[in-house]
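# Geometric and topological summary
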Amino acid sequence: MKRILKLIASELKQLKKTVILTALIFTIFAAALFGVINVRSDLMRNLCDYLNNEYKSFNLTINDGFTMGEAKLDFGNRLIYGYNRKYTDTGIHNADGSICFDREQTFTGEDGKEHFRHYSGQVLYVNDLSVKEMKTFEGFLTEGTVLQNDFEICLCSFIAEKLEVSAGETVTISGKSFTVAGVYEVPEISGISYPNWFSTDYMLSLSDDAEMDSVIVYFDNAEEMLSAYTTAKGKKLDCYCEGDSYFDNITEMQIAFTAFAVLLAIVLIITIYSLVSMLFRQRKQQICRLKVLGATDGTVAGAYCGITIIFLFFAIAVASALGLLFNLYFMDLCESIFEFPFTAKFGYIAPIVTFIASIGVVFALWFIINRKTKSNALAKELRHE
């Protein structure tokens, strides 16, 4: 080991200009690489933080004829709503069909004028989560209970009064019978967090295989919503969610940053290769003497690879600090493009991985170069010189 260290110290004096120049080049490109990796890894986190602060609810809407069962399989046990024109865009009949409630109503207001009112309905996928969530709004029920089974319906008190039905009776929509599970008052307040199903005029449940014109899946946070959006887009579904335009643009930015990072990594490999090659070319005669005098390949490789590793250690340490400046530059770039604040944490993993990978590249390159010059060939070359 002492022999190798002395050899390293001796060779560094001879090669300091080459090492310093290469170190500068390596440091600049490594700093840019660390900055790109840090910002790229935090792009999606920044978007999620922004959406979590800007929105109170998170939902994904799919317009591809999804069924409730398919939505559950793809997105788990979540609150799932849907619209089906056959049942949400048509009139409601009482049990014997003698009374029909049209969804579009006109009434005379206090001003004496005719007003138009459109009554809306929704389909709810009944599961344990929906029952639990809806029961938090039971205070608005005037009779009955929330939806708990397929082919049930909850009506607002106005529709129930017009149809002359109460909880436990049946109504018919498009020839299909629904049991009235409950009757509720539509609250004249705003700001109720989802599922706020009491703000709709009636809510019904269908079987898992009923195809929806659109399905709305609710999530607890932006991370879950964007993960589901990615799944849906991967299946080529027609879908949208809060912040989807940001998500698409940031995905493109991630691809651009990834390509830039790959390019920088290639430049670093070329730089390391150039340093190893220069060390060999400039010190070939010295290497010949060492081998003729009995130095093993391990000793020579330890010395010259050691020089490169020392250079890599200091270059990467400096590049890690300079990478913070590149962080700021790329964060400012992202803020100007997306118009919301960006932050990026210092990543220690990228420098460590770069250092370890670079050591592997150094030894691999040295092995390739050294294979061509075994001791006999070097002795002949030395005698010739």
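Residues numbered from 1 in each chain as written. Predicted model: local features only at pLDDT ≥ 70, side-chain atom pairs only at ≥ 80, totals over all residues. Heavy atoms only, no water.

Pairing geometry for strand β3 (residues 92-94) and strand β10 (residues 170-173), over two bridges, is antiparallel. If you follow Asn-94 over to β10, its bridge partner there is Val-171. Where β10 meets strand β11 (residues 176-184), four bridges bridge the pair, whose relative direction is antiparallel. The partner of Val-171 across the bridge, within β11, is Phe-178. (Pairing = 2+ DSSP bridges. Helix = DSSP H or I, 4+ residues; strand = E, 2+ residues; numbered from the N terminus.)

To continue, consider the nonpolar core. By size, the foremost hydrophobic cluster in this structure holds 99 residues, and its most contacted members are Leu-60, Phe-75 and Leu-155. The biggest single contributor to this core is helix α1 (residues 2-54), with 14 residues. The contacts of Phe-75, once residues within four sequence positions are left out, are Leu-60, Ile-62, Phe-66, Val-217, Phe-219, Ala-228 and Ala-232. (Core = buried A, V, L, I, M, F, W, Y, C linked by side-chain atoms within 4.5 Å. Buried < 20%, exposed > 50% of the residue type's maximum accessible area, 1.4 Å probe, protein only. Contact = heavy atoms within 4.5 Å.)

The next point concerns the confidence of the model for the protein chain. In the predicted model, the protein chain carries a mean pLDDT of 78, and 79% of its residues have values of at least 70. Note on residues 189-196: pLDDT under 50 across the span, and 17 contacts to partners over four residues away in sequence or across chains. (pLDDT = per-residue confidence, 0-100.)

The next subject is the packing of aromatic side chains. According to the stated counting rule, one finds 17 aromatic pairs in the structure shown. Ring plane angle 35° and centroid distance 6.2 Å describe the contact between Phe-338 and Phe-340, whose orientation is recorded as tilted. Neither residue differs from the other here; Phe-338 and Phe-340 are each classed as buried. Among the aromatic side chains, those forming a connected cluster through ring pairs are Tyr-50, Tyr-246, Phe-338, Phe-340 and Phe-342. The cationic tip of Lys-176 hangs over the ring face of Phe-151; the distance from NZ or CZ to the ring centre is 4.3 Å. (Phe/Tyr/Trp six-rings, centres within 6.5 Å; stacked < 30°, edge-to-face > 60°. Lys NZ or Arg CZ within 6 Å of the ring centre and 35° of its normal.)

Before going further, it helps to examine unusual backbone geometry. One non-glycine residue, Glu-164, lies in the positive phi region at around 60°. Here Glu-164 lies in the loop between α5 (157-163) and β10. Residue class for Glu-164 comes out exposed when judged on its relative accessible area of 61%. Positive phi values are uncommon outside glycine, yet Glu-339 reaches one of about 65°.

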